[in-house]
Amino acid sequence: MIQITNKVDCCGCNACGDACSHGAISFQTDIEGFWYPVVDKERCVDCGLCEKVCPELHITELKKNDAPRPLHTIAAIHKRMDIRWDSTSGGAFSALADGMYGQGGYVSGAVYQEDFSVRNFISNRPEDLARLRSSKYLQSNAEGLYREIRDLLRKGEKVLACGTPCQMAALRSFLRKDYDNLVIVDFICRGVNSPKVYRKYLDALERKHGGKVVYVKAKNKELGWRN
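Everything numeric in this text was worked out from a predicted model, so none of it was measured. (Residues numbered from 1 in each chain as written. Predicted model: local features only at pLDDT ≥ 70, side-chain atom pairs only at ≥ 80, totals over all residues. Heavy atoms only, no water.)

1. Overview of the sheet that holds strand β3 (residues 106–112)
To be explicit about the condition: A pair of strands is considered paired only if DSSP assigns at least 2 bridges between the two. Secondary structure follows DSSP: runs of H or I at least 4 residues long count as helices, runs of E at least 2 residues long count as strands, and numbering of each begins at the N terminus.
Overall, mixed pairing links the five strands, which are arranged β5-β4-β3-β6-β7 in an open sheet. Edge positions in the open sheet fall to β5 (140–141) and β7 (182–185), since each of these has one partner strand only.

2. Digging into the environment of Y198
Heads up, the condition is: Each residue's exposure class comes from its accessible area (1.4 Å probe, protein chains only) as a fraction of the maximum for that residue type: buried when under 20%, exposed when over 50%, partly exposed otherwise. Note on contacts: a residue pair is in contact if any heavy atoms of the two residues lie within 4.5 Å.
With respect to the helices and strands, the residue Y198 is situated in helix α9 (residues 195–209). The exposure class assigned to Y198 is buried, which follows from its relative accessible area of 17%. With 59 residues separating them along the chain, Y198 and Q139 place their C-alpha atoms 9.7 Å apart. Those residues in contact with Y198 that sit more than four places away from it in its chain are Y112, F116, L138 and V216.

3. Observations regarding unusual backbone geometry
One non-glycine residue, N14, lies in the positive phi region at around 75°. Relative to the assigned elements, N14 resides in the segment before α1 (15–19). Given a relative accessible area of 2%, N14 falls into the buried group. One non-glycine residue, F116, lies in the positive phi region at around 70°.

4. Some words on the pairing of strand β2 (residues 35–39)
For β2, the buried fraction is high: four of the five residues fall into the buried class. As defined by bridge partners, strand β1 (residues 25–29) adjoins β2 across five bridges and the pair is classed as antiparallel. Paired with I25 across the strands is V39, a residue of β2. Counting the residues between successive antiparallel strands, the hairpin from β1 to β2 contains five residues, one of them, G33, with a positive phi of roughly 95°.

5. Thoughts on the side chain of K221
Put simply, the rule reads: What qualifies as a polar contact is a pair of N or O atoms within 3.5 Å, subject to a donor-acceptor requirement within protein and to the restriction that residues adjacent in sequence count only when both atoms come from side chains.
Along the polypeptide, K221 turns up in the segment after α9. Looking at K221, its side chain comes within polar contact range of the main-chain oxygen of S87, at 2.4 Å. Excluding its chain neighbours within four sequence positions, the residues that come into contact with K221 are R84, W85, S87, T88 and S89.

6. Looking at the nonpolar core
To keep things clear, this is the line we draw: What makes a nonpolar core is a set of buried Ala, Val, Leu, Ile, Met, Phe, Trp, Tyr and Cys residues whose side-chain atoms join them at distances within 4.5 Å.
Core analysis: the largest hydrophobic core is formed by 21 residues, its most contacted members being Y146, I149, V159, L171 and L182. At the level of secondary structure, the elements contributing two or more residues to this core comprise α1, α7 (145–154), β6 (159–162) and α8 (165–175). The residues touching I149, leaving out its near neighbours within four places in the chain, are S108, I122, V159, A161 and L171. Ranked by size, the runner-up nonpolar core spans eleven residues in total, among them M100, V111, L129 and V185.

7. Notes on α8
With respect to burial, α8 is a largely interior element, eight of its eleven residues being buried. Inspection of α8 places Q167, M168, A169, A170, L171, S173, F174 and L175 among the buried residues, and these make up the whole buried set. Following α8 by one or two positions, R176 adopts a phi angle in the positive range, close to 70°.

8. Structural notes on helix α5 (residues 92–102)
For the record, the criterion: Arc definition: it is the arc formed by the directions from the helix axis to the C-beta atoms.
Buried within α5 we find F93, S94, A97, M100 and Y101. Mapping the buried residues of α5 onto a view down its axis gives an arc of 125°, with all of them on the same face. Looking at the buried residues of α5, the elements they touch are α4 (81–86), β3, β4 (118–123), α6 (129–132), β6 and β7. Immediately downstream of α5, the backbone of G104 shows phi near 80°, a positive value.

9. What to know about the packing of aromatic side chains
Inclusion rule: Stacked, tilted and edge-to-face are the three classes assigned to paired rings of Phe, Tyr and Trp, where Trp is represented by its six-membered ring and a pair needs centres within 6.5 Å; plane angles under 30 degrees give stacked, over 60 edge-to-face, the rest tilted.
A full pass over the atoms with the stated rule returns two aromatic pairs. Judged by centre distance (5.9 Å) and plane angle (75°), the rings of Y112 and F116 are edge-to-face. Neither Y112 nor F116 differs from the other in exposure class; each is buried.

10. Digging into the pairing of β7
Summarising the sheet, β6 and β7 pair through four bridges and their orientation is parallel. Along β7, the bridge assignment pairs A161 with I184.

11. A closer look at a nonpolar patch on the surface
In plain terms, the rule: Like-charged residues are merged into a patch within 9 Å and nonpolar side chains (Val, Leu, Ile, Met, Phe, Trp, Tyr) within 5 Å, provided each residue has over 30% relative accessible area and no salt bridge. The method behind every accessible area is Shrake-Rupley, applied with a 1.4 Å probe, and residues are considered shielded solely by the protein chains displayed. What counts as a salt bridge is simple: a side-chain nitrogen of Lys or Arg found within 4 Å of a carboxyl oxygen of Asp or Glu.
A cluster of nonpolar side chains, namely M81, W85 and W225, defines an oily patch on the protein surface of about 350 Å² accessible area. Relative to the helices and strands, M81 resides in helix α4. With relative accessibility at 46%, the residue M81 sits in the partly exposed group.

Set out below in structure tokens:
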């Protein structure tokens, strides 16, 4: 069973919870606001599935794309200025998502909730791209995502899944095989911020300005590209 004795050994990807068919794994936040798996030993049958999907335990075999130098690299920005304006970086994700929607497929990414916490989300509706677009700089809850993607793939649906490198490694581990109808996208990541600290930051802004935060945009360009 999953037992976290050193928090460095857990990336909070939530895959172990999806792998547990007995509902024995829940996630609890520590004092810093990051969640970690907790096993209900009365429900656990010690089947080992949670350990089999853990990307931290299997990082060597999951990093099979490693090479001394990039095998093939393309730099790209979206042709449409309005998409770049609304994106965190160059809008490449939006182009990939549009391509998948155009094939009738599903796109997965991270979206803000009403309280500005972040959750992974999957949809085949192009109108959801505005919510999926742009990076959200805090830990996202991916509970249920891995099962949902697996079920769609088994039905023959096409899926584009975008997430942090650890989440996408967890997805590959969870699926246990390659799918021709799956495109995995990740990004350069320097680590995720605490949802608890982020919420406290928003609370501080609300106290300072005497109102509620109604809109959040990382790397907002309304006041310029270098602000």
